[in-house]
Amino acid sequence: EMQLLESGGRLVQPGGSLRLSCAASGFTLTTYAMTWVRQAPRKGLEWVSTISVNGRGIFYADSVKGRFTISRDRSSNTLYLEMNSLRVEDTAIYYCVRPDYGDYVGLLGYWGQGTLVTVSS
Amino acid sequence: VLTQSPLSLPVTLGQPASISCRASQSPVFSDGYTYLNWFHQRPGQSPRRLIYKVSNRDSGVPDRFSGSGSGTDFTLRISRVEAEDVGVYYCMQGSQWPLTFGEGTRVEIK
């Protein structure tokens with residue numbers, strides 16, 4: 001059974017850094033395009049970043065471009081989101097999401113339980 | 001941009017409900033498919049996809065849920081609302097960058 005388990009969320013001060021992890025099990029992470037989606041408290045869903053199957057296609061929302069970096073590790077089957085220069089408005093639950101198959105990011109069918117990032121002084 | 005309406009929907013148990021999602025441009029991908037999806041999120045839970053590519057129900061989704069639409073106008077319908085259907089519903093397009101979600105429609109029981 002496939003599973004996505006996010007971790008790394010915590011309280012951090014504005015301007016700080018954080019790395020989120022998403023441990024995948026039950027499938028090989030690098031055979032799917034993987035996406036991070038976030039949800040601020042009592043707000044809607046916002047796409048953050050996607051990495052393609054071959055790893056060369058990397059996409060970011062304008063709100064995080066230049067501050068966040070998506071990556072993955074084949075040996076540990078883990079997806080990462082490196083977050084720098086954090087702002088109060090980055091406070092959110094961050095979900096790791098897998099499509100139904102391959103590079104079809106339009107079919108975000110599998111969601112982790114999320115990890116909470118709080119940016120506050 | 002995806003615009004949902006209404007943003008709040010009080011419904012009576014057993015009655016139908018309908019949510020609209022209007023796209024600023026047609027979410028047709030280069031392969032000819034329209035990657036317009038619907039998600040349901042209960043409080044404290046991750047979103048769960050109900051409908052993919054406009055009208056295809058996900059496995060395990062009750063057949064009281066249906067999706068339709070074309071071009072820039074899409075609709076999620078619940079034929080008879082049950083208590084477990086409360087929560088927030090989001091449309092999402094996966095055909096163009098950036099991927100976008102609608103604002104969400106909160107469904108509650110009257």
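The structure under discussion appears in the preceding block.
Residues numbered from 1 in each chain as written. Chains lettered and ligands numbered in written order. Predicted model: local features only at pLDDT ≥ 70, side-chain atom pairs only at ≥ 80, totals over all residues. Heavy atoms only, no water.

Attention shifts here to the layout of surface pockets. Over the atoms rolls a probe the size of a water molecule, and in doing so it shows where empty space is left. The calculated volume of the largest pocket comes to roughly 410 Å³. In this structure, the largest pocket is lined by 24 residues; those nearest its centre are Gln39, Arg42 and Lys43 of chain A together with Gln41 and Tyr90 of chain B. At the level of elements, strand S9 (92-99) of chain A together with strand S9 (87-93) and strand S11 (105-109) of chain B are the ones that each hand at least two residues to the lining of the largest pocket. Tallied by class, the residues present in the lining of the largest pocket amount to ten nonpolar, nine polar and five charged. Considering only enclosed or pocket space, the second largest pocket measures out at about 310 Å³ in volume. Lining the second largest pocket we find 15 residues, and of these Gly109, Tyr110 and Trp111 of chain A together with Pro47 and Arg48 of chain B sit closest to its centre. Of all the secondary-structure elements, those providing two or more residues to the lining of the second largest pocket are strand S1 (3-7) and strand S10 (108-111) of chain A together with strand S5 (48-52) of chain B. When residues in the lining of the second largest pocket are grouped by element, the largest group, three residues, is from S10 of chain A. Here the residues of the lining of the second largest pocket are counted per class, giving five nonpolar, five polar and five charged. (1 Å grid on protein atoms, 1.4 Å probe; cavity = no way out; pocket = protein on both sides within 12 Å on 5 of 7 lines; lining within 4 Å. Points joined across faces, edges and corners; volume = space filled by probe spheres on them. Helix = DSSP H or I, 4+ residues; strand = E, 2+ residues; numbered from the N terminus. Nonpolar A, V, L, I, M, F, W, Y, C, P; charged D, E, K, R; others polar.)

Here we take up the sheet that holds strand S3 (residues 18-25) of chain A. Residue and element names in this part refer to chain A. The four strands are arranged S1-S3-S8-S7 in an open sheet whose pairing can be described as antiparallel. Unpaired on one side and paired on the other, S1 and strand S7 (68-73) mark the two borders of the sheet. Averaged over neighbouring strand pairs, the angle between their axes works out to 15° when direction is ignored. Judged from the five bridges that link them, S1 and S3 form a sheet pairing that is antiparallel. Directly across from Gln3, in S3, lies its bridge partner Ser25. (Pairing = 2+ DSSP bridges. Axes fitted to C-alpha atoms, helices over the stretch in contact; angles between N-to-C directions.)

Next up on the list: the pairing of strand S8 (residues 78-83) of chain A. Residues and elements named next belong to chain A. Among the six residues in S8, five count as buried, and that is most of the element. One ladder, built from six bridges, connects S3 with S8; its direction is antiparallel. Residue pairing for S8: Leu18 is matched across the bridge by Met83. Alignment of S7 against S8, held across six bridges, turns out to be antiparallel. Each bridged residue has a counterpart across the sheet, and for Thr69 the counterpart in S8 is Glu82. Counting the residues between successive antiparallel strands, the hairpin from S7 to S8 contains four residues, one of them, Asn77, with a positive phi of roughly 55°. (Buried < 20%, exposed > 50% of the residue type's maximum accessible area, 1.4 Å probe, protein only.)

What follows concerns the sheet that holds strand S7 (residues 65-70) of chain B. Residue and element names in this part refer to chain B. What the four strands build is an open sheet, ordered S1-S3-S8-S7; its pairing is antiparallel. One side of each edge strand has no neighbouring strand; the edge strands of this open sheet are strand S1 (2-5) and S7. Across the sheet, the mean angle separating the axes of adjacent strands is 20° when strand polarity is ignored. Two elements, strand S3 (residues 17-23) and strand S8 (residues 73-78), share six bridges in a ladder whose sense is antiparallel. When the sheet's bridge partners are listed, Arg22 is paired in S8 with Asp73.

Taken together, the contacts link 18 residues of chain B with 21 residues of chain A. For the pair chain B and chain A, the two sides together bury roughly 1,600 Å², of which 66% comes from carbon and sulfur. If you sort the residues of chain B by the area they bury against chain A, Arg49, Trp97 and Phe101 of chain B come out on top, with a joint share of 35%. Inspection of the region where chain B meets chain A yields one salt bridge. Joining chain B to chain A, the criterion identifies six residue pairs in polar contact (both at pLDDT 80 or more). Elements represented by at least two residues in the side of chain B that touches chain A include exactly strand S4 (36-41), S5 and S9 of chain B. Ranked by residue count, the leading element in the side of chain B that touches chain A is S4 of chain B, at three residues. Considering only residue class, the side of chain B that touches chain A consists of ten nonpolar, five polar and three charged. (Contact = heavy atoms within 4.5 Å. Buried area = accessible area lost by both parts, 1.4 Å probe. Salt bridge = Lys/Arg side-chain N within 4 Å of Asp/Glu carboxyl O. Polar contact = N/O pair within 3.5 Å; in protein donor to acceptor, adjacent residues only side chain to side chain.)

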